[in-house]
Amino acid sequence: MVTVAPSHPWVYALRLPRDPRAVRVARMTVRAALDGHGRQDALDVVELLTSELVTNAYLHTEGPASLRLTGLVDGRLRVGVWDSDPYVPAPFGGSGEDFVPLAPDGAETGRGLRLVQEYADSWGGWALGDGALGRGAGKLLWFEVGGRATLPLLRK
């Protein structure tokens, strides 16, 4: 099957409550949108990396999150995840060259941002200024993958 880039971008946006089921809802939304647009070529990578960012939003904030999935004219896919914490972690805070160390053997967490660094074509993030009443408005982390994003075969 050949994937043809649409002549105009498309966008799906989803508001996620602070609920452990939100990660599953985000994955299902990404899967449905990419299936509907014939982008199965990027499904595994986008679903995995979206899951990692939404999981981090759930684990490290006390409020809701938002997901935005955009199909761009040139075939790239962009995913943005907003949450209420203004802290922008590496590799998102710098030029994209910040190094995320490997998680220690046996660790149950600490791999998500490294996966973004390994599998996304580009990524970034920024804190979002002051919100109402002088409170921070959180941050937006994003990543992009090209038209042929795939995960390598996993070896046992």
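Note that the structure is a prediction, hence the values are computed from the model and not measured. (Residues numbered from 1 in each chain as written. Predicted model: local features only at pLDDT ≥ 70, side-chain atom pairs only at ≥ 80, totals over all residues. Heavy atoms only, no water.)

(A) Here's a closer look at the packing of aromatic side chains. Here the structure, examined in full by the defined rule, presents one aromatic pair. Ring geometry for Trp-10 versus Tyr-12: centroids 5.5 Å apart, planes at 65°, classification edge-to-face. Owing to a relative accessible area of 10%, Trp-10 belongs among the buried residues under this scheme. Note on Tyr-12: relative accessible area 36%, which makes it partly exposed. (Phe/Tyr/Trp six-rings, centres within 6.5 Å; stacked < 30°, edge-to-face > 60°. Buried < 20%, exposed > 50% of the residue type's maximum accessible area, 1.4 Å probe, protein only.)

(B) Focus on the nonpolar core. Grouped together as the largest cluster of nonpolar side chains are 31 residues, with contacts concentrated most on Leu-34, Val-46, Leu-53, Leu-69, Phe-92, Val-116 and Phe-143. Residue assignment for this core shows that the elements contributing at least two residues are strand 1 (10-16), helix 1 (22-36), helix 2 (43-60), strand 2 (65-71), strand 3 (77-83), helix 3 (112-119) and strand 5 (139-145). Residue contributions to this core peak at seven residues, all from helix 2. Beyond its immediate chain neighbours, meaning those up to four positions away, Phe-92 contacts Leu-53, Leu-113, Val-116, Trp-123, Gly-124, Gly-125, Leu-141 and Trp-142. (Core = buried A, V, L, I, M, F, W, Y, C linked by side-chain atoms within 4.5 Å. Helix = DSSP H or I, 4+ residues; strand = E, 2+ residues; numbered from the N terminus. Contact = heavy atoms within 4.5 Å.)

(C) Fine view of the layout of surface pockets. The computed volume of the second largest pocket comes to approximately 150 Å³. Those elements that provide at least two residues to the lining of the second largest pocket are strand 1, strand 2, strand 3 and strand 5. (1 Å grid on protein atoms, 1.4 Å probe; cavity = no way out; pocket = protein on both sides within 12 Å on 5 of 7 lines; lining within 4 Å. Points joined across faces, edges and corners; volume = space filled by probe spheres on them.)

(D) Representation of the pattern of salt bridges within the structure. For the coordinates displayed, the defined rule picks out eight salt bridges. Note that Asp-19 and Arg-21 form a salt bridge whose closest N and O atoms lie 2.6 Å from each other. Judged by its relative accessible area of 15%, Asp-19 falls in the buried class. Assessed through its relative accessible area of 59%, Arg-21 is described here as exposed. In this structure, Arg-76 and Glu-144 form a salt bridge, with 2.5 Å as the shortest nitrogen-oxygen distance. Of this pair, Arg-76 sits in the loop between strand 2 and strand 3 while Glu-144 is found in strand 5, placing the two residues 68 residues apart along the sequence. In this structure Arg-76 comes out as partly exposed when scored by relative accessible area, which is 29%. Here the salt bridges share partners, and the residues they tie into one network are Asp-74, Arg-76, Arg-78 and Glu-144. (Salt bridge = Lys/Arg side-chain N within 4 Å of Asp/Glu carboxyl O.)

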